[in-house]
Amino acid sequence: MPGSPVPGSPVPGSAVPGSALPVSPAPALSRRRELAGASARALLMTVLGEYVLPRGEPVWTAVLVRALGLLGVAEKSARQALLRSSAEGWLRPERHGRRVRWELTGPGRQLLTDGAQRIYSFGRQPRDWDGRWLLLLISVPDAKRELRHRLRTRLAWAGFGALAAGVWVSPDPAREAEARDILTGLGLAGGALSFLGGYGSVGSPEAVARQAWDLDAVGALYQAFIDGFAGLDPQTGADQLVAQTRLVHAWRRFPFLDPQLPAELLPAGWPGTAAARLFHSRHADWDSGARAHWESMLAES
């Protein structure tokens, strides 16, 4: 399988929201082009997951370019995003004379299916908690920066927080099997340790949550999401497609950022609950209009 991004997480080459990853020095113009390309690819993946995946059929280049154009992506950037996604193994081109249709590959379908399941189920149910923590001790040599990044990305996606260097925690003991798979896949299982248990008498579980996750930053992002979408009322099919795509595109980062902690560990007035209600209600409101406009673009192609 191609070197994959975590399903539903930022695509390769894009910035991980909330991360502090070092950026290699580059001329400003080059950096702007890099970020524009990453944004176009990320939007393309959202369009593919929202409209192409459910139909299970190839789609013409013109349709994808037009959809991305509605979202503010220039035609050249849209075509480059298609080519890069193909090179990464998510799409396969089918040439018909001078025209090209794009079909999701097996890995591409799996990536988007896994991501859709995580995105659309995220935030629907509160998490019950028995008070136990899962603790991981993982040693990664300092020289293996890429391996450390991959470990951090995958554990964050699985809902773990970094309590200290090499120490990861989750209030969900059921994540142990997923953590083991991650460690095995990265060749780190042999030197890792896991522990299950309740919290002691020093400090508090709330302090663990505050130290392992930047809840203030995540809460601010949830509030920005609410502010950005609560007042939207798109009327036309094209506007609903744009609003729906941007809604999903904005929401897809939260399963990566928010471990969905139990209510006992969250600050008072946590905006994630209201944001989840808003996402699911708006997605239902705009779904039929967005899909109808997508079908009209397919018919016109």
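Refer to the preceding data block for the structure.
A brief look at the structure comes next.

On to the packing of helix H9 (residues 237-251) against helix H11 (residues 272-300). The contact between H9 and H11 brings their axes to 7 Å, and the two run at 135°. Classed by the angle they form, the pair H9 and H11 counts as oblique. Considering the relative orientation of H9 and H11, their crossing is left-handed. For the pair H9 and H11, the contacting residues are Gly237, Ala238, Gln240, Leu241, Ala243, Gln244, Leu247, Val248 and Trp251 in the first and Ala275, Ala276, Phe279, Arg282, His283, Trp286, Asp287, Gly289, Ala290, His293, Trp294 and Met297 in the second. For the contact of H9 with H11, a count of residues per class yields 13 nonpolar, six polar and two charged.

By secondary structure assignment, the location of aspartate 258 is in the loop between helix H10 (254-257) and H11. Looking at aspartate 258, its side chain comes within polar contact range of the side chain of tyrosine 222, at 2.6 Å. Side-chain polar atoms of aspartate 258 contact the backbone nitrogen of glutamine 260, separated by 2.8 Å. Residues contacting aspartate 258, with those up to four places away along its chain left out, are Phe122, Val218, Tyr222 and Trp270.

Look at helix H4 (residues 106-121): 23 Å from first C-alpha to last across 16 residues, which is about the 22 Å you get at 1.5 Å a residue. Of the residues making up H4, those classed as buried are Gly108, Leu111, Leu112, Gly115, Ala116, Arg118 and Ile119. With a side-chain oxygen lying 3.1 Å from the backbone nitrogen of glycine 108, the N-terminal cap of H4 falls on threonine 105. Backbone geometry just downstream of H4 places glycine 123 in the positive-phi region, at approximately 85°.

With that settled, consider the pattern of salt bridges. With the rule as written, the count across this model stands at 15 salt bridges. One salt bridge in this structure joins arginine 41 and glutamate 88, with 2.8 Å as the shortest N-O distance. Remark: glutamate 88 occurs in the loop between helix H3 (75-87) and strand E2 (91-96) and arginine 41 occurs in helix H1 (residues 28-55); sequence separation between them is 47 residues. Arginine 41 sits in the buried class, given a relative accessible area of 9%. A salt bridge links glutamate 300 to arginine 66; the nearest nitrogen and oxygen atoms lie 2.5 Å apart.

As a further point, take the packing of helix H2 (residues 61-70) against H11. The contact between H2 and H11 brings their axes to 10 Å, and the two run at 140°. Judged on the interaxial angle alone, H11 and H2 are oblique. Every pair of crossing elements has a handedness; the one defined by H2 and H11 is right-handed. Where H2 abuts H11, its residues Val63, Leu64, Arg66, Ala67 and Leu70 lie against His293, Trp294, Met297, Leu298 and Glu300. When the residues that make up the contact of H2 with H11 are grouped by side-chain class, the tally is seven nonpolar, one polar and two charged.

Strand order in the open sheet formed by four strands is E5-E6-E4-E7, and the pairing between neighbours is antiparallel. Every interior strand has two partners, whereas the edge strands, strand E5 (161-164) and strand E7 (193-198), have only one. Adjacent strand axes in the sheet meet at a mean angle of 30° when their direction is disregarded. By the bridge criterion, six bridges tie strand E4 (residues 132-137) to E7 in an arrangement that is antiparallel. Within E7, the residue paired with leucine 136 across the bridge is serine 194. Packed on one face of the sheet, helix H7 (residues 205-212) meets E4, E5 and strand E6 (167-170) and runs near 105° to E5.

Definitions and cut-offs
- Residues numbered from 1 in each chain as written.
- Predicted model: local features only at pLDDT ≥ 70, side-chain atom pairs only at ≥ 80, totals over all residues.
- Heavy atoms only, no water.
- Axes fitted to C-alpha atoms, helices over the stretch in contact; angles between N-to-C directions.
- Helix = DSSP H or I, 4+ residues; strand = E, 2+ residues; numbered from the N terminus.
- Parallel < 35°, antiparallel > 145°, perpendicular 65-115°, else oblique.
- Left-handed = near helix turned anticlockwise from the far one by under 90°.
- Contact = heavy atoms within 4.5 Å.
- Nonpolar A, V, L, I, M, F, W, Y, C, P; charged D, E, K, R; others polar.
- Polar contact = N/O pair within 3.5 Å; in protein donor to acceptor, adjacent residues only side chain to side chain.
- Expected span 1.5 Å × (residues − 1).
- Buried < 20%, exposed > 50% of the residue type's maximum accessible area, 1.4 Å probe, protein only.
- Salt bridge = Lys/Arg side-chain N within 4 Å of Asp/Glu carboxyl O.
- Pairing = 2+ DSSP bridges.

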